[in-house]
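The chain contents come next:
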Amino acid sequence: MSLEEKNFIEVNPKRCKGCAACIVACPNGCIEIGSEINQMGYQFARFAVRKCIACGMCFYTCPEFGAITVYQKPRKGA
Amino acid sequence: MHTIKHQKARSLYPTFERKAPGADVSHYCPGCGHGTVHNLIAEAIDDLGIQDRTIFCSPVGCSVFGYYYFDTGNIQCAHGRAPAVASAIRRTHEEAIVISYQGDGDLAGIGMSQIVHAANRGENITVFFINNAIYGMTGGQMAPTTILGQKTVTTPDGRHAENEGFPIGMVEIINSLQAPVFIERVSLAGAKKVMKARMAIRKALRNQVEKKGFSFVEILSPCPVNWKMTAVEARRWLENNLEPVFPVGNLRDLPKGPFDKVDKKKDSRMSDRKILEILGVNEEEVHAGTVQLQEEQNVKIAGFGGQGVLSTGILLANCAIAEGLKTTWLPSYGAEMRGGTANASINISHETIGSPIVSYPNVLMVMNLPSLDAFEDKVRPGGAIYVNSSLATRKVRRADVTAYHIPASDMANDLGTIQSASVILLTVYALVSGAITIETLKKVIPLSIKRKNLVDLNMQAIEAGVTWHRDNCPKP
């Protein structure tokens, strides 16, 4: 299945401080901490497993501003 | 096409200049609960469509920089005083949505009385209380909400009730008051709890939009750095340790505020005319707008307490108001009602006055020698000094000011009341400066002095001042 047909989130690597609150918040285990380090010196989170239901739990739990954006897949017939 | 379901709220600035120009990360530590709450509040502001009329009152503490994040009106308040500031905004800006955002040190420590009284008055404001059971900004000292046994910098052995008292439950305290309409404690321990916090935050703001009254939301929030844990551990610790001490849940959600008479209360608010009536001011009697000041008058009146220094200052300020001018009056006095030193600062201007303080007056009226000694050097060059020469036995030493030596206490004593000496000085000042007219002075005096015989004596004092001026001040 292509990305076009699935929900997903985008983590802005420049804004993420790697606290991992989103990882615990995600009901489907979609997020993980990567190995890369950003300019602030944090290993930032990344969207890893495509089981996102666009529930927004990661978004609401995240303590940064705009570090996570949640995208919903196109509705059927839309 | 994918649609964006959740993204950064519009009520947050695109960049946060606190860190650096163009920076878009917060100043909060990784995993801090403040950012989560900021996001939830900003989203609620967006959804309620109140961004343009929201005023966000930040506290002192980690969230002191609220104004770097919220693209709303912002005021950073003195420590613990955000509810008082919010109350003032509420009373003056009817349509404003006022948010008081405070931490535990700010709200439950130094600001305890402000929050209790604002809640008790049932101000139509929304208070978000971030409780992380520790002083964050200053480095992890014990807070009023620190739980028993919790180790902090100032309780290295853990908090002991016998030494430091018990943790304070703020929602329980607020719940003991009659006026609040909405009281809830929520937690940021997990995603589902964050969603409950989101609902409480939205409800607390919607209540204000609907003018229901005082809404209070306590948010248990992680402080990973000062708790010395990871962000994930901190959320677990919050759930296992803070929540048992501070049970989450709604304590009050009333369908409407306790003031049935809110509208009537509003109607009974006094009009400016009514206030003038009560004060006995007849608007037609005052002749506003006739005086043209040469320059702003920065007046200092100084003497012993009991010499009428402060009340003469009020009299001058009231005359200035009657002349349609802008004015301020600021008293300074010791604990003694009589015999201490006192001085009053009065500014008179055509323009709005920024500060009531007069450090360097251009008009000085001194009632005694110590006051002349204290303030003579402060007078600006070209200014005027009016001296009660009955008590200030030396002459003014400065050559770059105009001095008037008036034996005011002796003159007043001859009239029968030594206390009117300051009015004689004021009269001479009025005639020399033209800042207020004698006509106005005579009209305002009866409003300031209640006893009829004293009014007459002060009228005589004015006449004495006019006579002294005629005999001693050459016409230009």
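Only a predicted model underlies this, so the values are computations on that prediction, with no experimental measurement involved.

Participant: Help me understand the overall build of chain A in this model?
Facilitator: Helix and strand counts for chain A stand at two helices and four strands. The helix and strand sequence of chain A, counted from the amino end, reads β-α-β-β-α-β. What you see for chain A is a C-alpha radius of gyration of 13 Å, in line with the 12 Å of a compact globule of 78 residues. In terms of principal-axis extent, the alpha carbons of chain A reach across some 45 × 20 × 20 Å.

Participant: Even after reading the chapter, I still don't get helix α5 (residues 112-120) of chain B, so can you show me in this structure?
Facilitator: Residue and element names in this part refer to chain B. Considered for burial, the residues of α5 that qualify are Gln-114, Ile-115, Ala-118 and Ala-119. Seen along its axis, α5 keeps its buried residues to an arc of 120°; they face one direction. Structurally, α5 contributes buried residues whose contacts are with α3 (82-92), β4 (97-103), α4 (104-110), β5 (126-131), α7 (170-175) and β7 (215-220). Taken from the residues just after α5, Gly-122 is the one with a positive phi, measuring 65°.

Participant: Hey, could you run me through the packing of helix α13 (residues 309-322) of chain B against helix α17 (residues 438-448) of chain B in this one?
Facilitator: When two helices pack together, their arrangement is given by the angle between their axes and by how far apart the axes lie. All names here are of chain B. As a packed pair, α13 and α17 sit with axes 9 Å apart at the nearest point and diverge in direction by 120°. On the basis of the axis angle, α13 is oblique to α17. For the pair α13 and α17, the crossing hand works out as right-handed. Where α13 abuts α17, its residues Leu-315, Asn-318, Cys-319 and Ala-322 lie against Thr-440, Leu-441, Val-444, Ile-445 and Ser-448. Classifying every residue of the contact of α13 with α17 by side-chain character gives six nonpolar, three polar and no charged.

Participant: Whenever I open this one, the sheet that holds strand β1 (residues 8-11) of chain A confuses me. Can you help?
Facilitator: Through backbone hydrogen bonds, the strands of a sheet pair up, either in parallel or in antiparallel fashion. Spatially, the three strands line up as an open sheet ordered β1(A)-β4(A)-β1(B), and their pairing is antiparallel. Only two strands of the sheet have a single partner each, and these edge strands are β1 of chain A together with β1 (3-6) of chain B. Taking the axes of each pair of neighbouring strands and ignoring which way they run, one obtains an average angle of 35° across the sheet. Note that β1(A) and strand β4 (residues 68-72) of chain A share four bridges and pair antiparallel.

Participant: I would appreciate a short explanation of the packing of aromatic side chains in the present structure.
Facilitator: To describe a pair of aromatic rings, one takes the distance between the centres and the angle between the planes. The tally for this structure, following the rule as stated, stands at 16 aromatic pairs over all chains. The interplanar angle of 80° and the centroid separation of 5.1 Å between the aromatic rings of A:Phe59 and A:Tyr60 together place this pair among those described as edge-to-face. Given a relative accessible area of 9%, A:Phe59 falls into the buried group. A relative accessible area of 4% means that A:Tyr60 is categorised as buried. For the pair B:Tyr386 and B:Tyr429, a centre-to-centre distance of 5.7 Å together with 85° between the ring planes defines the contact as edge-to-face. One end of the pair, B:Tyr386, is in strand β13 (residues 384-388); the other, B:Tyr429, is in helix α16 (residues 421-433), with 43 residues separating them in the sequence. Feature note: the residues A:Phe65, B:Phe16, B:Tyr28 and B:Tyr69 constitute an aromatic cluster, connected by ring pairs.

Participant: Explain the sheet that holds strand β6 (residues 182-187) of chain B to me, please; I cannot follow it from the model alone.
Facilitator: Residues and elements named next belong to chain B. The seven strands are arranged β3-β2-β4-β5-β7-β6-β8 in an open sheet whose pairing can be described as mixed. This sheet does not close on itself; its edge strands, each paired only once, are β3 (73-76) and β8 (249-253). Along the sheet, successive strands turn relative to each other by an average axial angle of 15°, direction set aside. Alignment of β4 against β5, held across five bridges, turns out to be parallel. By the bridge assignment for β5, Gly-103 is matched with Ile-130. On top of the sheet, helix α1 (residues 33-48) reaches β2 (54-58), β4, β5 and β7; it is set at about 170° to β4, its chief contact. Contacting β4, β5, β6, β7 and β8, helix α8 (residues 191-209) crosses the sheet at an angle of about 155° to β6.

Thresholds applied
Residues numbered from 1 in each chain as written. Chains lettered and ligands numbered in written order. Predicted model: local features only at pLDDT ≥ 70, side-chain atom pairs only at ≥ 80, totals over all residues. Heavy atoms only, no water. Helix = DSSP H or I, 4+ residues; strand = E, 2+ residues; numbered from the N terminus. Rg over C-alpha atoms; globule rule 2.2 N^0.38 Å. Buried < 20%, exposed > 50% of the residue type's maximum accessible area, 1.4 Å probe, protein only. Arc of directions from axis to C-beta. Contact = heavy atoms within 4.5 Å. Axes fitted to C-alpha atoms, helices over the stretch in contact; angles between N-to-C directions. Parallel < 35°, antiparallel > 145°, perpendicular 65-115°, else oblique. Left-handed = near helix turned anticlockwise from the far one by under 90°. Nonpolar A, V, L, I, M, F, W, Y, C, P; charged D, E, K, R; others polar. Pairing = 2+ DSSP bridges. Phe/Tyr/Trp six-rings, centres within 6.5 Å; stacked < 30°, edge-to-face > 60°.

Interpretation in functional terms is not warranted from these geometric data alone.
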